[in-house]
Every structure is written in structure tokens, then in C-alpha cells.
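The primary structure of each chain is shown beneath.
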Amino acid sequence: MIKFLDMNPMHDKIKKEILKSIEKVYDSNWYILGEEVEKFEEEFAKYCSTKYCIGVGNGLDALHLILRGYNIGKGDEVIIPANTYIATALAVSYAGATPILVEVNEKTYNIDYSLIEKAITNKTKAIIVVHLYGQPCDMDNINKIAKKYNLKVIEDNAQAQGALYKGKKTGSLSDAAGISFYPGKNLGALGDAGCITTNDKILADKVRSLRNYGSSKKYYNDYKGFNSRLDEIQAGILRVKLKYLDEWNQERKDIAKIYMENIDSEIILPYVLEDTSPVWHQFVIRSQKRDELQEYLKQNGIDTMIHYPVPIFKQKAYSEMKFLEKDFNITSDICDTILSLPIYPYIDKEDIKYICNVINKFKY
């Protein structure tokens with residue numbers, strides 16, 4: 001069986017470095033907001049070409065704390081793409097605001113900037129864009145709209161660490177970005193972890209406080225804050241992995257190239273926006289016979305996944321919103337037809353070619 005995701009080839013290469021990093025933290029007897037977190041924040045900010053990086057507990061917290069940092073809450077609306085993982089919407093709900101879904105572009109699967117203005121009201125305070133599957137959004141057009149209406153732009157950069165839009169890194173293309181380091185991400189910790197990147201000093205200072213009970217000085221609390229701190233062990237692990245991120249992303253690009261050049265069946269392949277360099281967190285194809293194709297691949301020893309089978313507007317958790325499914329026909333169709341193929345660093349390239357050959361033999 002070709003696994004959908006196998007981190008062993010990647011982790012085996014750096015095992016000694018990871019264990020040494022863990023041992024260093026263990027011996028330090030300092031486990032929360034210490035030297036490893038500070039150094040990782042410096043290194044990742046530099047990597048993203050931003051002035052500030054603030055380590056937090058996970059990607060959901062990162063988005064939530066950005067909204068809190070900008071005083072976005074009850075009575076406010078935040079525009080998000082209809083096609084995204086539920087965490088994007090949950091961050092808005094946690095802040096007390098209302099998520100407003102906007103349909104996505106049929107080619108890129110990312111938010112359709114041409115539909116954003118129609119969704120803006122006098123309650124709108126921000127736009128959260130998601131660089132889904134590692135594919136950057138059309139940021140120039142989105143930022144232009146936001147500037148016109150004086151809105152904050154927030155990147156959900158959970159799946160696109162290292163991706164480029166017109167030569168600039170995602171995570172540096174907006175007012176602030178929330179990033180997840182869930183283990184399966186391109187840059188993943190060995191547990192939950194996340195961060196915020198921004199060039200906004202006022203936001204950075206406030207979020208540093210909010211993540212730590214609302215305190216910037218021990219026992220003195222300026223805000224009703226939260227406990228969402230990137231711990232020392234995970235920061236140390238991320239420091240090791242960050243050194244290899246570009247290499248691992250290149251591996252993903254090489255795999256995507258094989259898929260793109262060798263799948264010649266009636267499959268819809270990913271579309272890459274002009275002037276972008278995606279990092280292929282997922283390689284997502286589309287087929288009108290998705291379920292049959294997935295079963296066929298399984299029978300031929302190929303593991304796949306669906307990212308994501310149920311859109312937010314069909315989730316029971318948001319049933320009170322009473323979304324109209326007819327407003328999101330593209331997202332519905334995407335969710336019914338997408339299939340994610342194996343893509344991870346150091347997978348055997350012959351296995352990728354085998355997957356392509358199996359797909360090409362699938363009978364439509």
C-alpha cells in the first residue's frame with residue numbers, strides 16, 4: 001500500500017537533530033516561553049520576511065487571537081471562503097463575530113475576489129483568505145478591495161508555508177497571518193503548535209499579551225487573555241525542521257510536476273495562478289466519479305483522502321446560519337469531486353508514476 005502520508009522518510013533524516021533539540025530543552029528546565037520560542041520567532045519571521053512572529057498553541061488560536069487583537073467581535077462580520085476547513089470559521093465564531101461565506105473560484109478553489117464586494121456590509125471588519133492546498137490567493141485584488149473599504153486582511157497560511165505570490169512569501173501579504181504547525185503541515189511540529197506573522201507592531205505586542213493570559217508582565221493583566229503558548233519543545237523541533245522546509249517544499253514541487261505531466265485521463269488537474277509558486281500541501285484532482293476512483297485506487301494499493309468532504313454551510317455546527325446551498329454551487333461541486341493524492345517529501349518517485357498509470361487506466 002502506498003500511504004497517503006508517511007513522515008518517516010522525512011523524520012529519519014533529522015531524528016538525531018530532533019532528539020538533541022528535545023534533550024536541550026529537557027536539560028534547561030525552562031519549558032514555556034523561553035529561548036527556543038524566542039529564537040524560532042526570530043527565524044520564522046525572517047523566513048517569512050515579516051517583522052514579527054508570535055508563537056501560539058495552534059493555527060485556530062492564531063486566527064482567533066488576530067481577530068481579538070484587532071478588536072473584532074460581537075456584531076462584526078468577517079468574510080471567509082466557502083471552501084475551507086472549519087477552523088477558519090471557528091476562529092471568527094470564537095471572537096464573537098459572524099463568518100460570512102463567499103463562493104470560490106472554480107479553477108483555484110480559493111476565494112473569488114470578484115464576489116467579495118457584494119458580501120461587504122457596514123458590519124464587515126475583515127477578510128480572511130485561505131491559501132488552500134498550498135496555492136496562494138490573488139492577493140493584489142483582495143488587498144485592493146480591503147483598502148477601498150478599510151478592512152483588515154488576514155491570511156490563513158496553515159497550508160502554504162514557503163509559497164510565493166509575485167516573489168513574496170505567503171504570511172507577509174496582509175495585515176497578519178495565522179499559521180498552523182500541525183504535524184502533517186509542510187512545516188509541522190510533533191504536536192499542536194502555531195504562530196502569527198505580521199508587520200504590525202501594535203498587533204504583535206497585543207497578541208503576545210493575549211496568548212499569555214493577557215499579561216505582558218507576570219501577575220499584571222492588561223486584557224482578559226488566553227492560554228495559547230507555543231511550548232519550548234515544539235519550538236525547538238520547529239527550529240530544526242525550518243532548516244529543511246525549502247528542500248521539502250521542492251520535493252513536493254517535483255512530485256506535483258510528475259503528476260501534472262503524466263496524468264492524461266479525464267481528470268481535472270490543479271490550476272496554478274499566474275505569478276505564484278505553490279508548495280503543494282495537497283495535490284488535489286477532481287473527478288465526477290470520485291468515489292469510484294477512490295475505491296479503484298484503494299484496490300490498487302493507493303491510499304487517498306478528501307480535503308474536504310463536507311463544506312461549512314452543510315455542517316451541523318453552523319446550522320443556525322441557514323446558509324443557502326444554491327449560493328455555493330461551485331464549492332458543493334468541488335467537495336463532491338475532489339480527491340487528494342499522496343504527496344510528501346522523499347516518497348518514491350516510481351510510486352508516483354505508478355499512481356499516474358493506475359489513474360490513466362481508470363474507466364470512465
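Structural notes, computed from the coordinates. Source: prediction; values computed, not measured. In this numbering scheme, every chain counts its residues from 1 along its sequence in written order. Reporting of local features is limited, given that this is a predicted model, to residues whose pLDDT is at least 70; pairs of side-chain atoms are given and counted only at 80 or more, and all residues count toward the totals for whole chains, interfaces and linings. The side-chain quantities take in all heavy atoms of the structure and omit both hydrogens and water.

## Considering the sheet that holds strand β6 (residues 164–165)
Strand pairing follows a simple DSSP-based rule, namely that at least 2 bridges must link the two strands. A run of H or I in DSSP counts as a helix once it spans at least four residues, and a run of E counts as a strand once it spans at least two, with each numbered from the N terminus. Spatial ordering of the open sheet is given by β7-β6-β12, a layout of 3 strands whose pairing is antiparallel. Sheet topology places β7 (168–169) and β12 (276–277) at the edges, where each strand pairs with a single neighbour. Where β6 and β12 come together, 2 bridges link them in antiparallel fashion. For leucine 164, the partnering residue across the bridge sits in β12 and is serine 277.

## What to know about the pattern of salt bridges
Whenever Lys or Arg places a side-chain nitrogen within 4 Å of a carboxyl oxygen from Asp or Glu, that contact is recorded as a salt bridge. All told, the structure shown has 19 salt bridges when counted by the stated rule. As a salt-bridge pair, lysine 24 and glutamate 36 come within 3.2 Å of each other at their nearest N and O atoms. You can see lysine 24 sitting in helix α1 (residues 8–28) and its partner glutamate 36 sitting in helix α2 (residues 35–48), a full 12 residues away along the chain. Among the residues examined, glutamate 36 registers a relative accessible area of 5% and is labelled buried. The partner of glutamate 43 in a salt bridge is arginine 239, and the shortest N-O contact between them spans 2.8 Å. Highlighted residues: glutamate 43 in helix α2 and arginine 239 in helix α8 (residues 232–242), separated in sequence by 196 residues. Relative accessibility thresholds used throughout: buried, under 20% of the residue-type maximum; exposed, over 50%; partly exposed, between the two (1.4 Å probe, protein chains only). By relative accessible area, glutamate 43 is classed as partly exposed at 30%. In the salt-bridge network here, residues are joined through shared partners; they are Lys24, Glu36, Glu43 and Arg239.

## Points about the side chain of threonine 170
Its place among the elements puts threonine 170 in the loop between β7 and β8 (176–180). A relative accessible area of 0% means that threonine 170 is categorised as buried.

## Thoughts on α1
Along its 21 residues, α1 runs 28 Å from first to last C-alpha, staying within 8% of the 30 Å computed at 1.5 Å per residue. At isoleucine 14, α1 shows its largest kink, close to 65 degrees. Residues Met10, His11, Ile14, Ile18, Ser21 and Val25 constitute the buried set of α1. Where α1 is buried, its residues touch α2, α8 and α9 (245–262). One or two steps after α1, the chain reaches asparagine 29, where phi turns positive at roughly 60 degrees. Multiplying 1.5 Å by the residue count of a helix minus one yields the expected span of that helix. We define the bend at each residue as the angle formed by axes fitted to the 7 residues ending at it and the 7 residues starting at it. Contacts are residue-level and defined by heavy atoms, with any inter-residue pair within 4.5 Å sufficient.

## Let's talk about the nonpolar core
Here, the term nonpolar core denotes a set of buried Ala, Val, Leu, Ile, Met, Phe, Trp, Tyr and Cys residues that are joined through side-chain atoms within 4.5 Å. Ranked by internal contacts, the top residues of the largest apolar core, which has 35 residues, are Leu67, Val78, Ile80, Leu101 and Ile196. For this core, the leading source of residues is helix α3 (residues 59–69), giving 6 residues. Not counting chain neighbours up to four residues away, the residues in contact with leucine 101 comprise Ile80, Pro81, Ala82, Ile312, Phe313, Phe323 and Phe328. With 34 residues, the next largest nonpolar core counts Ile255, Tyr259, Ile334 and Cys356 among its residues.

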